[in-house]
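# Tertiary structure, described
Listed here are the chains, written in short residue letters.
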Amino acid sequence: MIADSFGRVHDYLRISLTDNCNFRCFYCMPEEDYDFTPASRLMQPDEILSLAKLFVAQGVKKIRLTGGEPLVRKDAAEIISNLGKLPVELVITTNGTRIAELLPTLLAAGIKSINISLDTLQPEKFMLITRRDLFHQVRSNIELLLQHKLKVKINMVVMKGLNDDEIKDFIDWTKHHPLQIRFIEFMPFSGNRWTSNKMFSLAEILQVIEKDFTILPVKAEPHDTAKSFMIPGHEGSFAIISTMTAPFCDTCNRMRLTADGKLKNCLFSDGETDLLTALRNNEDVLPLIHASILSKKKELGGQLDKHFEQIDTTTLHNRSMITIGG
C-alpha cells in the first residue's frame, strides 16, 4: 500500500509514454519547434513493465497511459500488450489520431475505456488549436470506438473566448451517443500563457448548460476527479473537472510517472523523484516511491492558491503539461 501523510492511499498510476505529440495545442505544448526528450532518456518497454509491476505489487489497481500522445511511440503496441497482462484496469488518454491502426492491440490488451482529447467540434477551430488538419480523422476514430462498444470520454478544455461557445454543441452530441463529455477548467503550466480571465469555471459551465437542459447530479465514485451529471433523455452524460475552483485533493489517489521516469506525487508539485536512474543502477526503487508519496502536499502541490484569480504563474515551479503527462 502506498500512502501519504494525510492517509490517502494511492492506487492509481498514470504513466506517460512520451513527451512527443503530433498536435501542437498551445495550452499543452506552445512551441512548434519543441525539443523532445531523446529516446535514450525515455523509459524503455521493459523498464516501463518493471516499474509498473512494482507499483502493482504495492496495491495499484489502475494504470492510465498518457503523453504527449502515447500512441505516437513506435513501440506503443509492445508497451500496451505488456501492461495488458498485469492484473490492473488499463486505460488510455489519446488525441485519437492513431486509434484505427492500433485498435486490435487496444482490444487485445483488455482496454475498455478511452479518453479522447477534443476541444472543439469545428474543423477550422480544431486547426487553430492543434495546428493540424486531422479533425475528421479524430471524429471517425471516435465513431469506430463506439461501434466496438468501448467506453468513450471526451476531454474538452474550456477556454473563455475560444471554445466556451461550443458547450451546448458538446452536450447536444450526447443526445444520441453514449459519450461522456468532460469539461475541464483551464489550468496553469509552464509555457501555456495561462491567465485567470481565460478560465471558464465550473459555475459558468453549469450556468450555460442549465439554460437549455435539465441536469441531474450523479453520485460520485470514490476518488472521482470529475463532478458528473446526466440529462434526462440523453444516451450520454457530462462531467466537469474543476481543478481551479473546486479541487478534489482530499480524495486524491493518483501518482504520475513521466516519460523520462520521474515520479510526481501531484500534477502541480514542484519536485519529482528519479525512478528510472535508480532502476538502471539496480538500486531499490521502492523506498523512493514511498518517500515521494509521503512528502505529498495536502493540496494542489502546495503551489496554487484556492483563489485562482490571485495565482501568479511566474512564481510556479513545474513542467509543461506535455512533459508531465496529462
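Residues numbered from 1 in each chain as written. Predicted model: local features only at pLDDT ≥ 70, side-chain atom pairs only at ≥ 80, totals over all residues. Heavy atoms only, no water.

### Here we look at the environment of M156
Put simply, the rule is: Helical segments are the DSSP runs of H or I of at least four residues, strand segments are the runs of E of at least two, and each set is numbered from the N terminus. Accessibility here uses a 1.4 Å probe with only protein chains present; expressed as a share of the type maximum, an area under 20% marks a residue as buried, one over 50% as exposed, and anything in between as partly exposed. For this analysis, residues touch if any pair of their heavy atoms sits within 4.5 Å.
Position of M156 relative to the elements: it lies in strand β5 (residues 151-158). Here M156 falls in the buried class, since its relative accessible area comes to 0%. In this structure the C-alpha to C-alpha distance between M156 and I241, which are 85 residues apart in sequence, comes to 9.8 Å. What M156 contacts, discounting residues up to four positions off in sequence, is L118, D119, N163, E166, F170, R182, F183 and I184.

### A short note on the sheet that holds strand β7 (residues 216-217)
So the rule is basically this: Strands are labelled as partners when DSSP assigns at least two bridges between them. Note on geometry: axes are C-alpha line fits, over the in-contact stretch for helices, and angles between N-to-C directions span 0 to 180 degrees.
One open sheet accounts for 12 strands, arranged β7-β8-β9-β6-β5-β4-β3-β2-β1-β10-β11-β12; its pairing is mixed. Each having just a single partner strand, β7 and β12 (273-274) make up the two edges of the open sheet. The pairing of β7 with strand β8 (residues 227-230) spans two bridges and is classified as antiparallel. Looking at the pairing, P217 lines up with F229 of β8. Set on the sheet, helix α7 (residues 202-210) makes contact with β5, β6 (179-185), β8 and β9 (237-241); between it and β9 the angle comes to about 155°.

### What to know about the pairing of strand β4 (residues 113-117)
The criterion, for reference: Note on handedness: a clockwise path from strand one over the helix to strand two, with the strands aimed away from the viewer, defines a right-handed crossover.
Here β4 lies mainly inside the structure; four of its five residues are buried. Pairing of strand β3 (residues 89-94) with β4 involves three bridges; the strand directions are parallel. For I92, the partnering residue across the bridge sits in β4 and is I114. In the classification by handedness, the crossover that spans β3, the intervening helix α3 (residues 99-108) and the parallel β4 is right-handed. Here β4 runs beside β5; their pairing, made up of five bridges, is parallel. Its bridge partner lying in β5, I114 is registered against V152.

### Points about α3
Of all the residues in α3, the buried ones are I99, L102, L103, T105 and L106. Summarising the contacts, the buried residues of α3 are in contact with α2 (76-83), β3, β4 and α5 (135-147). The positive-phi residue at the C-terminal boundary of α3 is G110, with phi of around 85°.

### Quick look at the state of the cysteines
What counts here: Disulfides are defined as pairs of cysteine sulfur atoms found within 2.5 Å of each other.
Per the counting criterion, the structure on display carries zero disulfides. Its sulfur unpaired, C21 is 6.4 Å from the next cysteine sulfur, which belongs to C25. By relative accessible area, which is 13% here, C21 ends up buried.

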